[in-house]
Amino acid sequence: MSHDELAQACKEVLKKNDKGSFTVPASPLYPHQWLWDSCFIAIGLRHIDIKRAQVEIKSLLRGQWSNGMVPNMVLSTDETSQAGSFWRSSVSPFSPDNVATSGITQPPVIAEAVVRIGEKLDKQERRKWYQDVFHALLAYHQWLYAERDPHQEGLVLQVHPWETGLDNTPPWMFELHQHQMPTWIRIVAALKLDTIIGFFRRDSTLSMPGERLSTLDGLAFYSIQRRLRRKRYDIQSILSHSHLSIEDVTFNAIFIRNNHHLKTIAKGIGKKLPEDLLKRMRQTEGAFEKLWDTYTNQYYSRNFVTHKMIKVPSIGALMPLYGGHLAKERAKDLVKMLTDNKQFWLKYPVPSVPVNSEWFHEHRYWQGPTWINTNWLIIAGLERHGFIEEANHIKEQTIKLVSKNGLSEYFSPKDGAPVGAENFAWTAALVLDMLC
Ligand code: GLC
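Here is a short report on the structure shown in this document. (Residues numbered from 1 in each chain as written. Predicted model: local features only at pLDDT ≥ 70, side-chain atom pairs only at ≥ 80, totals over all residues. Heavy atoms only, no water.)

1. Topic: the site of the ligand
The environment of the ligand is formed by Pro25, Tyr30, Trp34, Trp36, Asp37, Gln106, Gly165, Asp167, Tyr365, Trp366, Phe424 and Trp426. Separating an oxygen atom of the ligand from a side-chain N or O atom of aspartate 37 is a distance of 2.6 Å. Take aspartate 167: an N or O atom from its side chain is 2.8 Å from an oxygen atom of the ligand. When the ligand sits alone it has 310 Å² of accessible area, and the protein chains cover 95% of it. Residues belonging to the shell around the ligand are distributed by class as follows: 8 nonpolar, 2 polar and 2 charged. (Near = heavy atom within 4 Å. Polar contact = N/O pair within 3.5 Å; in protein donor to acceptor, adjacent residues only side chain to side chain. Areas by Shrake-Rupley, 256 points an atom, 1.4 Å probe, with all protein chains shown as cover. Nonpolar A, V, L, I, M, F, W, Y, C, P; charged D, E, K, R; others polar.)

Written out as structure tokens, the structure is:
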């Protein structure tokens with residue numbers, strides 16, 4: 001397939017998933033609007049229709065809560081009856097009145113999308129665009145500090161694996177299996193009821209079992225979500241009793257980069273960010289080093305309560321490259337790990353778990369497959385740190401991968417076999433961005 005044909009195929013997938021003011025990740029598996037999906041989608045859409053790209057972000061911000069949180073899902077009106085009663089966002093006094101949403105967030109990549117759209121506008125339009133979204137973004141970043149860094153230590157915490165966007169990523173699953181499986185889930189496991197429950201799951205009826213979460217892990221996710229809802233998504237009540245809470249390395253790296261983008265946006269409209277926010281942003285960059293382990297020479301996520309690092313390898317170890325604030329030596333260590341063919345340098349990089357890990361499974365969701373959004377983030381990070389050759393290699397292999405195997409949700413990093421949903425929107429959007 002030529003690059004022109006591939007770009008055309010990307011545009012068709014984006015059109016297919018376009019619901020007018022927002023884009024679904026893929027139908028029918030994902031019928032709602034997701035936070036980081038929409039940001040990646042807007043980054044692709046800016047090459048086709050800049051106004052539509054702006055609408056994508058604005059429609060995401062419709063879901064913003066009055067305390068500043070941007071939820072990871074804005075629920076579609078067609079489907080709200082089911083998902084709406086699952087999330088019941090109205091239990092929180094901060095949720096919006098006329099929009100049903102989830103009650104948790106996702107990696108804060110909105111400022112990135114805003115700046116990338118801004119690059120395509122002339123100076124006057126850019127100023128107007130930045131003015132349109134600045135207050136929402138400021139409120140969101142302030143909320144992250146106020147609610148998710150309660151001890152003012154610099155790193156922000158997450159309360160559900162879904163908040164990382166990397167759902168069943170091994171470090172979270174390790175913690176979950178250690179501490180969080182409630183008794184009723186242990187009983188389900190002992191009685192093997194999970195096989196029966198498995199019959200009713202939408203994601204495994206629409207894709208092969210073994211390519212997504214196990215039913216037991218799915219139940220554990222559900223149980224955490226129910227607890228959050230019971231606590232009305234109020235962070236103080238959530239944290240008042242032991243609750244799975246992790247300072248996730250991917251989330252925090254993305255936050256650092258997007259703090260920079262927020263500064264750019266403020267500057268673009270002649271505003272200065274509040275001094276206390278700037279102070280917290282500087283603190284985050286320093287605190288990030290607490291996630292570095294000198295024994296294994298890599299970054300890990302950390303348990304918020306015990307401050308213990310979760311030393312289970314995953315793609316999160318490479319995300320600090322995207323954060324973009326690393327000293328040369330640190331960046332070199334990460335690139336060494338990335339280009340090691342016993343870890344991440346497979347035929348179609350970058351696998352979501354290194355191939356030498358006991359957790360690696362080439363087809364299982366965030367436990368091995370290659371995903372295009374994490375590739376895009378790593379490429380951006382490599383370019384910023386001056387590793388152009390490595391960035392180009394990942395870009396070329398990604399383009400080869402989708403030319404051969406279609407615009408799927410995720411892929412085997414070994415032979416490129418497509419897995420998960422077909423016609424996946426962020427795959428199309430980010431490949432289009434790589435081609436432009
Ligand atoms: C899955 C992915 C998450 C994504 C969502 C919608 O939950 O893990 O990253 O945002 O699907 O595509």
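2. Quick word on the pattern of salt bridges
Throughout the structure, instances matching the rule amount to 15 salt bridges. Notably, a salt bridge pairs aspartate 132 with lysine 58, separated by 3.5 Å at the nearest N-O pair. Linking aspartate 132 in helix α6 (residues 123–148) with lysine 58 in helix α3 (residues 50–61), this pair joins segments that are 74 residues apart in sequence. Using a relative accessible area of 38% as the deciding quantity, one classes aspartate 132 as partly exposed. Linking arginine 280 and aspartate 149 is a salt bridge whose minimum nitrogen-to-oxygen distance equals 3.0 Å. Highlighted residues: arginine 280 in helix α14 (residues 275–287) and aspartate 149 in the loop between α6 and α7 (170–180), separated in sequence by 131 residues. (Salt bridge = Lys/Arg side-chain N within 4 Å of Asp/Glu carboxyl O. Helix = DSSP H or I, 4+ residues; strand = E, 2+ residues; numbered from the N terminus. Buried < 20%, exposed > 50% of the residue type's maximum accessible area, 1.4 Å probe, protein only.)

3. Overview of the state of the cysteines
Counted under the stated rule, the structure contains 0 disulfides. Cysteine 436 supplies the cysteine sulfur nearest to cysteine 39, a cysteine that is in no disulfide, at a spacing of 18 Å. The thiol of cysteine 436 is not disulfide-bonded; the next cysteine sulfur, from cysteine 10, is found 8.9 Å away. The exposed category is assigned to cysteine 436, whose relative accessible area is 58%. (Disulfide = S-S within 2.5 Å.)

4. Things to note about the packing of aromatic side chains
Scanning all chains against the criterion turns up 23 aromatic pairs. Judged by centre distance (5.5 Å) and plane angle (70°), the ring pair of tyrosine 365 and tyrosine 410 falls under edge-to-face. Here tyrosine 365 is found in the loop between α16 (328–338) and α17 (372–384), whereas its partner tyrosine 410 is found in strand β7 (residues 410–411), with 45 residues between them in sequence. Taking the relative accessible area as the measure of exposure, tyrosine 365 reaches 8% and is therefore buried. Clustering of aromatic rings is evident, with ring pairs tying together Tyr30, Trp34, Trp36, Phe40, Tyr365, Trp366, Trp371, Trp376, Tyr410, Phe424 and Trp426. (Phe/Tyr/Trp six-rings, centres within 6.5 Å; stacked < 30°, edge-to-face > 60°.)

5. Digging into the packing of α17 against helix α19 (residues 425–435)
For the pair α17 and α19, interaxial distance at closest approach is 9 Å and the crossing angle is 30°. By the angle class used here, α17 and α19 are roughly parallel. Here the hand of the crossing between α17 and α19 comes out left-handed. Along its contact with α17, which presents Ile372, Asn373, Trp376 and Ile379, the element α19 presents Trp426, Thr427, Leu430, Val431, Asp433 and Met434. (Axes fitted to C-alpha atoms, helices over the stretch in contact; angles between N-to-C directions. Parallel < 35°, antiparallel > 145°, perpendicular 65-115°, else oblique. Left-handed = near helix turned anticlockwise from the far one by under 90°. Contact = heavy atoms within 4.5 Å.)

6. Concerning the packing of helix α2 (residues 35–45) against helix α5 (residues 110–119)
In contact at an axis separation of 9 Å, α2 and α5 are set at 15° when each is read in the N-to-C sense. One element, α2, and the other, α5, form an angle in the roughly parallel class. The way α2 lies across α5 gives a crossing that is left-handed. Counted together, Leu35, Cys39, Ala42 and Ile43 of α2 and Ile110, Glu112, Ala113, Arg116 and Ile117 of α5 form the full contact between these two elements. The class makeup of the residues in the contact of α2 with α5 is 7 nonpolar, no polar and 2 charged.

7. Side note on helix α13 (residues 249–268)
Compared with an ideal rise of 1.5 Å per residue, which puts 20 residues at 28 Å, α13 spans 29 Å between its outermost C-alpha atoms and is within 8% of the ideal. Within α13, 15 of the 20 residues are buried, leaving the element largely enclosed by the surrounding structure. The distance from a side-chain oxygen at the start of α13 to the backbone nitrogen of threonine 250 is 3.1 Å, and the residue carrying that oxygen is aspartate 248. Immediately downstream of α13, the backbone of glycine 270 shows phi near 70°, a positive value. (Expected span 1.5 Å × (residues − 1).)

8. A few points about unusual backbone geometry
Of note, the bond from serine 27 into proline 28 is cis; its omega dihedral lies within 30 degrees of zero at -5°. Residue position: proline 28 is located in the loop between α1 (3–16) and β1 (33–34). Here the residue pair proline 349 and valine 350 is connected by a cis peptide bond, since its omega of 10° sits within 30 degrees of zero. Within the secondary structure layout, valine 350 lies in the loop between α16 and α17. Even without being a glycine, arginine 88 presents a positive backbone phi close to 40°. Its place among the elements puts arginine 88 in the loop between α4 (80–87) and α5.

9. Some points on the environment of isoleucine 265
Among the secondary structure elements, isoleucine 265 is positioned in helix α13. Excluding residues within four positions of it along the chain, isoleucine 265 makes contact with Ala111, Val114, Val115, Tyr130, Phe134 and Leu137.

10. Some details on the environment of serine 66
Relative to the elements of secondary structure, serine 66 occurs in the loop between α3 and β2 (73–74). Given a relative accessible area of 62%, serine 66 falls into the exposed group. With residues up to four places along the chain from it excluded, the contact list for serine 66 reads Pro93 and Phe94.

11. As for the nonpolar core
Grouped together as the largest cluster of nonpolar side chains are 124 residues, with contacts concentrated most on Trp36, Ile57 and Ile110. Here the element with the most residues in this core is α6; it accounts for 11 residues. Apart from residues no more than four positions distant in its own chain, isoleucine 57 is found in contact with Ser38, Cys39, Ala42, Ile110, Ala113, Val114, Ile117 and Trp129. Membership of the second largest hydrophobic core comes to 15 residues, among which are Ala220, Leu244, Ile246 and Leu346. (Core = buried A, V, L, I, M, F, W, Y, C linked by side-chain atoms within 4.5 Å.)

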